[in-house]
Amino acid sequence: MAETRSYNSPLREEKARETREAILRALYRLMSAATVQDDISMEAIATEAGIQRRTIFRHFPTKDDLLTAFWPWLNELIGASIAPETAADIVTGPRDAFPRFDAHEAAIRASLHSPTGRAMRAGMVPGRRLRFAGALAPILSTLAPAEARRVEALAHLLYSASAWEALRDYGGLTGAQAGETASWALDTILSAVASGSLPRT
């Protein structure tokens, strides 16, 4: 009986990587050009990528799968970390990320306000909460649960695209200045927790 072999062609694998990248880049271009009310369809992504719609589903079985893959891809493109491992990573995160957001402003704003962007970010929330909880656990373990939740919520806010946008639009700051401001606020809050001087409510 002849032995059945599975053969994975390096050329086929490379083509699959190129197609996947083309799909993600197409979504990036559409988000960069999106207006607030835009909901980006799979048809539009396929057209922008120059492929057939069914090809997208070979790489991303659902739109949710595509959106789940897009946010890490976008952050890698920007050069921003989305997986803090320590409280120090959270403190320095805005300082590193916010200036980079300026270079991708349209896509970042679309991720905040377009239906497609909001769906993408909503899918990331549970994982983000877990990462932040793990990074902050050594510091927040000294607090009562309600206080710990407040500090964790502030950390989420200050290290977010929403904070970048608010500090730019309402504070009149550049991305670099917004990053310094958010990192300073995070350092102030977490230092107060670590020293036991956080005001009690």
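Quick look at the structure, then. Since the model is a prediction, treat every value here as computed from it, not as a measurement.

1. Section: helix 10 (residues 175–195)
Here is step 1: Compared with the 30 Å implied by 1.5 Å per residue over 21 residues, the 30 Å span of helix 10 between its first and last C-alpha is a close match.
Here is step 2: Taken as a whole, helix 10 has its buried residues at Gly-175, Ala-178, Gly-179, Ala-182, Ser-183, Ala-185, Leu-186, Leu-190, Ala-192 and Val-193.
Here is step 3: For helix 10, the elements touching its buried residues are helix 5 (87–102), helix 7 (115–140), helix 8 (145–158) and helix 9 (161–169).
Here is step 4: Residue Gly-196 follows helix 10 closely and has a positive phi angle near 80°.

2. Looking at the pattern of salt bridges
Here is step 1: With the rule as written, the count across this model stands at 10 salt bridges.
Here is step 2: We note a salt bridge from Glu-48 to Arg-29, for which the minimum N-O separation is 2.7 Å. With Glu-48 in helix 2 (residues 42–49) and Arg-29 in helix 1 (residues 10–32), this residue pair connects regions lying 19 residues apart in the sequence.
Here is step 3: Linking Arg-109 and Asp-169 is a salt bridge whose minimum nitrogen-to-oxygen distance equals 2.8 Å. Here the residue Arg-109 occupies a position in helix 6 (residues 105–113), and Asp-169 occupies one in helix 9, the gap between them amounting to 60 residues.
Here is step 4: For Asp-169, a relative accessible area of 43% puts it in the partly exposed group.
Here is step 5: Residues joined by salt bridges that share partners form a network here, namely Asp-102, Glu-105, Arg-109, Glu-165, Arg-168 and Asp-169.

3. Description of the nonpolar core
Here is step 1: Ile-45, Phe-70 and Phe-101 are the most contacted members of the largest nonpolar core, which has 57 residues in total.
Here is step 2: For this core, the element with the highest residue contribution is helix 4 (residues 63–78), accounting for 8 residues.
Here is step 3: Excluding its chain neighbours within four sequence positions, the residues that come into contact with Phe-70 are Leu-24, Leu-27, Tyr-28, Met-31 and Met-120.

Cut-offs and rules
- Residues numbered from 1 in each chain as written.
- Predicted model: local features only at pLDDT ≥ 70, side-chain atom pairs only at ≥ 80, totals over all residues.
- Heavy atoms only, no water.
- Helix = DSSP H or I, 4+ residues; strand = E, 2+ residues; numbered from the N terminus.
- Expected span 1.5 Å × (residues − 1).
- Buried < 20%, exposed > 50% of the residue type's maximum accessible area, 1.4 Å probe, protein only.
- Contact = heavy atoms within 4.5 Å.
- Salt bridge = Lys/Arg side-chain N within 4 Å of Asp/Glu carboxyl O.
- Core = buried A, V, L, I, M, F, W, Y, C linked by side-chain atoms within 4.5 Å.

Structural measurements only, silent on function.
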